Amino acid sequence: TIPVILDVDTGVDDALAILFAVAHPEIDVLGISCVAGNASLERVVQNTLRILDVANAPDIPVAAGARRPLIERARDASHVHGEGGLGTLRLPPSERTALPISSVELMHQLIQDSERPVTLVALAPQTNLALLLRQYPDITSKIERIVFMGGSASVGNATAVAEFNVWHDPEAAAIVLDSGVPTFMYGLDVFNQVAVAEEVAVALLEHETTLGRTVGSLLTNRVNAGPDSATVYSGLIGDAGAVCALVDPGALRTQIRPVRVELAGYGRGQTLVDMRQTAGEDLMHGLADVWETAEIALDVDVPRYTALFLKTLGLA
Ligand code: BDR
Ligand code: CA
């Protein structure tokens, strides 16, 4: 199995990712770290605990981390995830609470205690990861790699060029890319593709199990199509796709590329990916050190990931 720590801002599709990760036999979820992003930190913690109840995974430790980005002000995404963060899904309150330690301490402890290097899976703004790496720089030797949902080699969503998780805390994403830990970017290039057909998702709303109905509700969460448009069906499994990448990397076309987080101007929060096949003037004249390197997912076998997702949850 792959020992992982999830860092989440639950969040409709973070919820799908948690359900998938807990259900997959090859993934060992050591703990979950929460951060403000899609919703406030309190909502994120509550949503995460409630989803773990649905997943029947009461023993997975949960901790609360940063309630705002390193420098940016906090900005939520209730226009995508609803006021409570889970769309129209309403779940009973959990009897559990988060641990009385911070996310950074939980991650540090779990990584220290693990016999094998741990994979960090960041599905949210990377504030908690940046704080961990700054506070415990030696921990990098015990981190296998960081797989993050974030960024894009093409279009943005929060802005025309920036993806939400990186845009929300650009300095944190820059710190993570610069950490020396191998990074894998599951960005909008693939995130925006992996959708479950509407008739399949709608049928799940009537599923005989709570798990099935919960997944149906999350998948049929409708999103704004534009400032003046009605909401539309998207069916994206979203962050869950980044977890699929752990167990089925073969369904992705990836490239190892130079990448950097833009911090200034309208481009703030953009992950600029150098897709050139030959070196340009800048690289020839000593500007190479402005880049980090990451493995970047550029394309995905969509049916393979939707099937993996539904099958793992026992819904196909
Ligand atoms: C990312 O932002 C959030 O809305 C989603 O949960 C995902 O992690 C997509 O840009
Ligand atoms: Ca998320």
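Located above this text is the structure these notes cover.
This text gives an overview of the structure that appears in the document. Quantities reported herein were computed from a predicted structural model and do not represent experimental measurements.

1. Observations concerning the pattern of salt bridges
Under the counting rule described, the total for this entry stands at eight salt bridges. Two residues, arginine 75 and glutamate 72, come together in a salt bridge whose shortest N-O distance is 3.4 Å. You'll find arginine 75 and glutamate 72 in the same group, each marked buried. Residue aspartate 248 is joined to arginine 304 by a salt bridge in which the shortest nitrogen-to-oxygen separation is 2.7 Å. Placement of the pair is aspartate 248 in the loop between helix H11 (239-247) and strand S9 (252-261) and arginine 304 in helix H13 (residues 302-312), with a sequence separation of 56 residues. For aspartate 248, a relative accessible area of 15% puts it in the buried group. Its relative accessible area of 37% is what places arginine 304 among the partly exposed residues. When salt bridges with common partners are traced through the structure, they connect Glu72, Arg75, Glu171 and Arg268 into a single cluster.

2. Considering unusual backbone geometry
Of the consecutive residues threonine 10 and glycine 11, the connecting peptide bond is found in the cis state with omega at -5°. Secondary-structure assignment places glycine 11 in the loop between strand S1 (2-8) and helix H1 (12-23). Unusually for a residue other than glycine, asparagine 56 sits at a positive phi of about 60°. For asparagine 56, the position within the fold is in the loop between helix H2 (41-54) and strand S3 (62-64).

3. Quick look at the pairing of S1
Summarising burial for S1: six of the seven residues are buried, a large majority. Inspection of the sheet shows S1 paired to strand S2 (residues 27-34) by seven bridges, in the parallel sense. Along S2, the bridge assignment pairs isoleucine 5 with glycine 31. You can see the chain leave S1, run along H1 and come back into S2, and the turn it takes is right-handed. Bridge analysis of S1 against strand S4 (residues 118-122) gives four bridges, and the strand direction is parallel. Within the sheet, the bridge partner assigned to isoleucine 5 lies in S4 and is leucine 120.

4. Notes on the coordination of the calcium ion (ligand 2)
Those donors, Asp9 (OD), Asp14 (OD), Asp14 (OD), Leu123 (O) and Asp239 (OD), are the protein atoms that reach the calcium ion (ligand 2), and they lie 2.3 to 2.6 Å from it. Expressed as a motif, the donor residue spacing for the calcium ion (ligand 2) is D-x4-D-x108-L-x115-D. Neither aspartate 9 nor aspartate 14 differs from the other in exposure class; each is buried.

5. Some words on the site of ligand 1
The full set of residues close to ligand 1 is Asp13, Asp14, Asn38, His81, Leu123, Met149, Asn157, Glu163, Phe164, Asn165, Phe191 and Asp239. A distance of 3.1 Å separates an oxygen atom of ligand 1 from a polar atom in the side chain of aspartate 14. Relative to its free-state accessible area of 280 Å², ligand 1 is covered by the protein chains to the extent of 95%. More than half of the atoms of ligand 1 fall within 2 Å of the grid points belonging to the largest pocket. At the level of elements, H1 and helix H6 (164-168) are the ones that each hand at least two residues to the shell around ligand 1. Among the residues making up the shell around ligand 1, the classes are represented as four nonpolar, four polar and four charged.

6. Re the environment of serine 40
Summarising the element assignment, serine 40 is placed in the loop between S2 and H2. For the pair serine 40 and alanine 197, spaced 157 residues apart in the sequence, the C-alpha separation amounts to 30 Å.

7. Points about H11
In terms of burial, H11 is a largely internal element, nine of the nine residues being buried. Along H11, the residues classified as buried are Asp239, Ala240, Gly241, Ala242, Val243, Cys244, Ala245, Leu246 and Val247.

Rules behind the numbers
- Residues numbered from 1 in each chain as written.
- Chains lettered and ligands numbered in written order.
- Predicted model: local features only at pLDDT ≥ 70, side-chain atom pairs only at ≥ 80, totals over all residues.
- Heavy atoms only, no water.
- Salt bridge = Lys/Arg side-chain N within 4 Å of Asp/Glu carboxyl O.
- Buried < 20%, exposed > 50% of the residue type's maximum accessible area, 1.4 Å probe, protein only.
- Helix = DSSP H or I, 4+ residues; strand = E, 2+ residues; numbered from the N terminus.
- Pairing = 2+ DSSP bridges.
- Right-handed = clockwise from strand over helix to strand, strands pointing away.
- Donors = N, O, S within 2.8 Å, 3.2 Å for Na, K, Ca; no water.
- Near = heavy atom within 4 Å.
- Polar contact = N/O pair within 3.5 Å; in protein donor to acceptor, adjacent residues only side chain to side chain.
- Areas by Shrake-Rupley, 256 points an atom, 1.4 Å probe, with all protein chains shown as cover.
- 1 Å grid on protein atoms, 1.4 Å probe; cavity = no way out; pocket = protein on both sides within 12 Å on 5 of 7 lines; lining within 4 Å.
- Sits in = over half its atoms within 2 Å of the grid points.
- Nonpolar A, V, L, I, M, F, W, Y, C, P; charged D, E, K, R; others polar.

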